[in-house]
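# Descriptive structure summary
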Amino acid sequence: MGSNMGAISTSSHFLDEALEAAGLKDSFDARGNAHEDCPSCGAHRGMKLSLSRGQAQCFACGLNGPLLAYLHERNEARDWGHEPEHDAEIIVLEPHLPAVASIHRSEAPLRPHAAPTIETVALKTSDGKLGERIIISLLAFIFLGAGLAAATLSGFANYQAFSAGVGDPMQGQIWGWSGVIASVCSFGGFTFFWWHLSGKRLGEAFRALVFALAGAGTSIGGTSLYMMNNASSQSVEWQQAQQVQQVRTAQIIDWTRQLDGIPADTRSVEGLEAYSAGVEAAGRTHQKPYRDAQNELGLAKRRADLEAKIENARASLMSGNGNQVAMPKQTLPAWFFALMLEVFSSQGTSIAFVSLLLLYGAKPKDTDVQSLV
C-alpha cells in the first residue's frame, strides 16, 4: 500500500467548488481538518483531509497527495470503497485534471479492508521521530531506575515490618519476604494493567488492576508500619537516654556532696601509702600515728574514688557515650511517605515499561491502526 498521490496546485476558489461538489464543505472542524473513509484500504475515518496543508493522507495505508485530487476522484467515483470484498471490479480512477494532478495507485488489486503492511505502519509510527525515540527512551530508563530504587526501599521496609511481627526467626524471614513480593506485585501489576488496557483486553486489565492494588495496599501498609515502628523506637530511646542523663546528674550531685565531707587537708593516697610502708618496715604499727594514717588513707582512697566517678560521669554526659540520642524530629506522616514511595515505585516502573513497550514492542495490527486514526 505504499502508493503516493501526485502533486497539484490550485486556487482556493477552485478548491471551494470541489468541496461543494463532493458535499464536504461543512465536514471540516475549526482547525480545518476532516476525516473520511480511506478509498484504498477502507480504514474507517482513516483519510485525513487538511485545508491548511491542502493534503489528504491515510494514516493506515500511507496513501497521500493533494486534497484537490482526492476530491475530484471522489466526485467521479461516488461509490468508492463500497464494492464487495471478493470478485469486485477494480476501477482505476482517473480524474479530469492535468496529468500531474492524478492520484497514482499500485497496479495490485485494492481491497477495502486490507491490512496495512509492516512497512507502512513503521513509516507512520517512526518516520522522522528518531529524536522523540531517544528522548523518551532516556526518560523511560530514568523512570525505571527511580521506580526500581523506590521499589527496593519499599521492599526493604516491608521485609523489616513483616518479619518483626513474627517471633520465630525462620517464620519472620518467610513473612518478611512476603513483603518484598508485595512490592514486586505492585509495580508489575500496574504494568500489566496498562498493557492489557492498551490492547482493549478489559477483563484481563481489571484482574491486573485488582492484583496491583492488592500489592500496593500491602506495600503501603508495610512501609507505614516500618516507619511508625522506627519513630516509636527513636522516641523510646530518647526517653531512656533522658532518664540515664537525669540519673547521672543526680549521681554527680550526690558524689560531690560526699566529696565535700572529706577534709580538705587529707593527704594523697600515694603519700599515705609510702608513710605506712615506712612505719611497717620499722615495726611501729602499734603506735597511734600509724593508726591515724590508716584512717586518713581510707578517706584519701574514698576521695580518689569519688573524684574518678564524677569525672567519668561528666565525661559521659559531655560525649554521650552512646547513651545520648537526638530528640526525634517532626517528619512527614508515615502513611504519606509510604503512599508516595508506592506511587514512585509502581507508577514510575509501569510508565517506563509501557513506554519501552510502545517504542520497541510489536507493531500494531490492523484493528490497532484503525483505533489510532
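Scroll up a little and you will see the structure.
The structure reproduced in this document is the subject of the present report. If you're wondering where the values come from, they're calculated on a predicted model, not measured in any experiment. (Residues numbered from 1 in each chain as written. Predicted model: local features only at pLDDT ≥ 70, side-chain atom pairs only at ≥ 80, totals over all residues. Heavy atoms only, no water.)

To continue, consider the overall build of the protein. From N to C terminus, the protein includes 10 helices and 4 strands. Mapped from its N terminus to its C terminus, the protein presents α and β elements in the order α-β-β-β-β-α-α-α-α-α-α-α-α-α. In the protein, which comprises 373 residues, the proportion classed as buried is 33%. When contacts within the protein are restricted to residue pairs at least 6 apart in sequence, those whose partners lie at least 24 apart make up 66%. For the protein, the exposed area adds up to about 22,700 Å²; of that, 60% sits on carbon and sulfur atoms. (Helix = DSSP H or I, 4+ residues; strand = E, 2+ residues; numbered from the N terminus. Buried < 20%, exposed > 50% of the residue type's maximum accessible area, 1.4 Å probe, protein only. Contact = heavy atoms within 4.5 Å. Areas by Shrake-Rupley, 256 points an atom, 1.4 Å probe, with all protein chains shown as cover.)

Let's shift gears to the nonpolar core. The nonpolar side chains of a soluble globular protein tend to be buried, and buried together. Counting 21 residues, the largest nonpolar core has Leu24, Met47, Leu49, Cys58, Tyr70 and Leu71 as the members making the most contacts within it. When residues of this core are traced back to their parent elements, those giving at least two are α1 (12–22), β2 (47–50), β3 (55–58) and α2 (67–76). Grouped together as the second largest cluster of nonpolar side chains are 7 residues, Ile252, Trp255, Leu259 and Ala313 included. (Core = buried A, V, L, I, M, F, W, Y, C linked by side-chain atoms within 4.5 Å.)

With that out of the way, let us pick up the packing of aromatic side chains. Here a ring pair, both rings aromatic, is described through the centre-centre distance and the interplanar angle of the planes. One pass over the full model with this rule turns up 5 aromatic pairs. Plain terms: the ring middles of Phe192 and Trp195 are 6.3 Å apart, the flat faces sit at 70 degrees to each other, and that makes the pair edge-to-face. Here Phe192 pairs with Trp195, and both are found in helix α5 (residues 169–198), just 3 residues apart, close to one helical turn. Assessed through its relative accessible area of 47%, Phe192 is described here as partly exposed. Since its relative accessible area comes to 39%, Trp195 is described here as partly exposed. Between Phe193 and Trp194, the aromatic rings sit 4.8 Å apart at their centres with planes inclined by 65 degrees, giving edge-to-face as the arrangement. Assessed through its relative accessible area of 13%, Phe193 is described here as buried. It is Arg201 that lies over the ring of Trp195; its NZ or CZ is 4.6 Å from the centre. (Phe/Tyr/Trp six-rings, centres within 6.5 Å; stacked < 30°, edge-to-face > 60°. Lys NZ or Arg CZ within 6 Å of the ring centre and 35° of its normal.)

With that settled, the discussion passes to the sheet that holds strand β4 (residues 64–66). Strand order in the open sheet formed by 4 strands is β1-β2-β3-β4, with antiparallel pairing between adjacent strands. The outermost strands of the open sheet, each flanked by one partner alone, are β1 (33–36) and β4. Across the sheet, the axes of successive neighbouring strands diverge by a mean angle of 20 degrees, strand direction being ignored. Of the strand pairs in this sheet, β3 and β4 are connected by 3 bridges, and their pairing is antiparallel. Considered in β4, the bridge of Gln57 is made with Asn64. Here α2 sits on the sheet and contacts β1, β2, β3 and β4; the angle it forms with β4, its principal contact strand, is near 95 degrees. (Pairing = 2+ DSSP bridges. Axes fitted to C-alpha atoms, helices over the stretch in contact; angles between N-to-C directions.)

Along the chain, the position of Asn158 falls in helix α4 (residues 130–164). With near-sequence residues (within four places) excluded, Asn158 lies in contact with Gly176, Gly179, Val180, Ser183, Thr218, Ser219, Gly222 and Thr223.

Further remarks concern the pairing of β2. Two faces, one strand: in a regular strand the side chains alternate between the faces of the sheet. One ladder, built from 4 bridges, connects β1 with β2; its direction is antiparallel. Bridging from a neighbouring strand, Ala34 pairs with Leu49 of β2. Bridge analysis of β2 against β3 gives 4 bridges, and the strand direction is antiparallel. Across the sheet, the residue bridging to Leu49 is Ala56, located in β3. The antiparallel hairpin formed by β2 and β3 contains 4 residues in its connecting segment, where Gly54 sits at a positive phi of about 65 degrees.

Further remarks concern the pattern of salt bridges. Scanning all chains against the criterion turns up 7 salt bridges. Residues Lys309 and Asp305 are paired through a salt bridge, measuring 3.5 Å at the closest nitrogen-oxygen approach. With a gap of 4 residues between them, Lys309 and Asp305 both fall in helix α8 (residues 288–319), about one helical turn apart. The partly exposed category is assigned to Lys309, whose relative accessible area is 32%. Overlapping salt bridges, with partners in common, bring together Arg302, Asp305 and Lys309 in one network. (Salt bridge = Lys/Arg side-chain N within 4 Å of Asp/Glu carboxyl O.)

Moving on, we come to the environment of Glu280. With respect to the helices and strands, Glu280 occurs in helix α7 (residues 269–282). Sequence separation between Glu280 and Tyr290 is 10 residues; the distance between their C-alpha atoms is 8.6 Å. In this view, Glu280 contacts Thr285 and Tyr290; residues no more than four positions away in its chain are not counted. Of note is the side chain of Glu280, whose polar atom sits 2.5 Å from the side chain of Tyr290. (Polar contact = N/O pair within 3.5 Å; in protein donor to acceptor, adjacent residues only side chain to side chain.)

Among the secondary structure elements, Gln57 is positioned in strand β3. Setting aside chain neighbours within four positions, we find Gln57 in contact with Gly46, Met47, Lys48, Leu63 and Asn64.

Limitation: the analysis is restricted to geometry and does not speak to function.
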